[in-house]
Amino acid sequence: MIKARKPPVWFWMAAIFALLWNGLGVGKYAGEAMMTASDFALLTEMEQNLYASRPYWASAAFAVAVISGFLGSVMLLLRRPIAVRLFLLSLIAVLIQFSSFFILDGYVDYIRQTGWFMPISIPVLAAGFFLFARWAENNHILK
């Protein structure tokens, strides 16, 4: 058995960033899941149409992505190898969730209005967290 190495300071900074980022995702999902009719009425017509036309599997993928990403972040901070598998699950769920956005009518128009930062950063960071956890596992930082 190979003894776990002491992680560098930047490992902890990256792991805390992953926890904060994925915690924001959990909060966003919880906000959408608990949206009331009055909250829904406050959305723009375009946003209402996007929410109403989103398939159930896309909402389920969103839940899996943020919950597994958050748990992966916790396991990364605890230096557990299961973090790699949780981040992989999160990445797959993000890709499934985002595939629905491009089949929904009006999503590209919505992105043109709100910007491309989140639609690009979410899958990039999901892939980055997975690769980072895999690197940590391969370098014996996870125990």
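Residues numbered from 1 in each chain as written. Predicted model: local features only at pLDDT ≥ 70, side-chain atom pairs only at ≥ 80, totals over all residues. Heavy atoms only, no water.

So, a nonpolar patch on the surface
Now for step 1: A cluster of nonpolar side chains, contributed by Trp57, Leu88, Ile92, Ile96 and Ile103, occupies part of the molecular surface with about 470 Å² of accessible area.
Now for step 2: The element that contributes the greatest number of residues to the nonpolar patch is helix α5 (residues 82–101), accounting for three residues.
Now for step 3: Note that Ile96 resides in helix α5.
Now for step 4: Classification of Ile96 by relative accessible area gives partly exposed; the value is 40%. (Patch = residues over 30% accessible without salt bridge, like charges linked within 9 Å, V, L, I, M, F, W, Y side chains within 5 Å. Areas by Shrake-Rupley, 256 points an atom, 1.4 Å probe, with all protein chains shown as cover. Salt bridge = Lys/Arg side-chain N within 4 Å of Asp/Glu carboxyl O. Helix = DSSP H or I, 4+ residues; strand = E, 2+ residues; numbered from the N terminus. Buried < 20%, exposed > 50% of the residue type's maximum accessible area, 1.4 Å probe, protein only.)

Examining the packing of helix α1 (residues 9–33) against helix α4 (residues 56–77)
Now for step 1: Relative to each other, α1 and α4 sit at 150°, their axes nearing to 8 Å. Classified by the interaxial angle, the pair formed by α1 and α4 is roughly antiparallel. For the pair α1 and α4, the crossing hand works out as left-handed.
Now for step 2: Its residues assigned to classes, the contact of α1 with α4 comprises 16 nonpolar, six polar and two charged. (Axes fitted to C-alpha atoms, helices over the stretch in contact; angles between N-to-C directions. Parallel < 35°, antiparallel > 145°, perpendicular 65-115°, else oblique. Left-handed = near helix turned anticlockwise from the far one by under 90°. Nonpolar A, V, L, I, M, F, W, Y, C, P; charged D, E, K, R; others polar.)

A word on unusual backbone geometry
Now for step 1: Residue Arg79 is not a glycine yet carries a positive backbone phi of 60°.
Now for step 2: Here Arg79 is to be found in the loop between α4 and α5.
Now for step 3: For Arg79, a relative accessible area of 13% translates into the label buried.
Now for step 4: At His140, a residue that is not glycine, the phi angle is positive and equals roughly 60°.
Now for step 5: With respect to the element layout, His140 can be found in the segment after α7 (117–138).

Notes on the pattern of salt bridges
Now for step 1: Enumeration over the complete set of coordinates arrives at three salt bridges.
Now for step 2: In this structure, the salt-bridge partner of Lys28 is Glu32, at a minimum N-O distance of 3.5 Å. On the criterion of helical spacing, the pair formed by Lys28 and Glu32 is a turn pair, its members being four residues apart in helix α1.
Now for step 3: Here Glu32 falls in the buried class, since its relative accessible area comes to 17%.
Now for step 4: Across the pair Arg54 and Glu32 runs a salt bridge, and its minimum N-O distance is 2.8 Å. Highlighted residues: Arg54 in the loop between α3 (45–53) and α4 and Glu32 in helix α1, separated in sequence by 22 residues.
Now for step 5: Its relative accessible area of 17% is what places Arg54 among the buried residues.
Now for step 6: Ionic contacts of the salt-bridge type, sharing partners, join the residues Lys28, Glu32 and Arg54 into one network.

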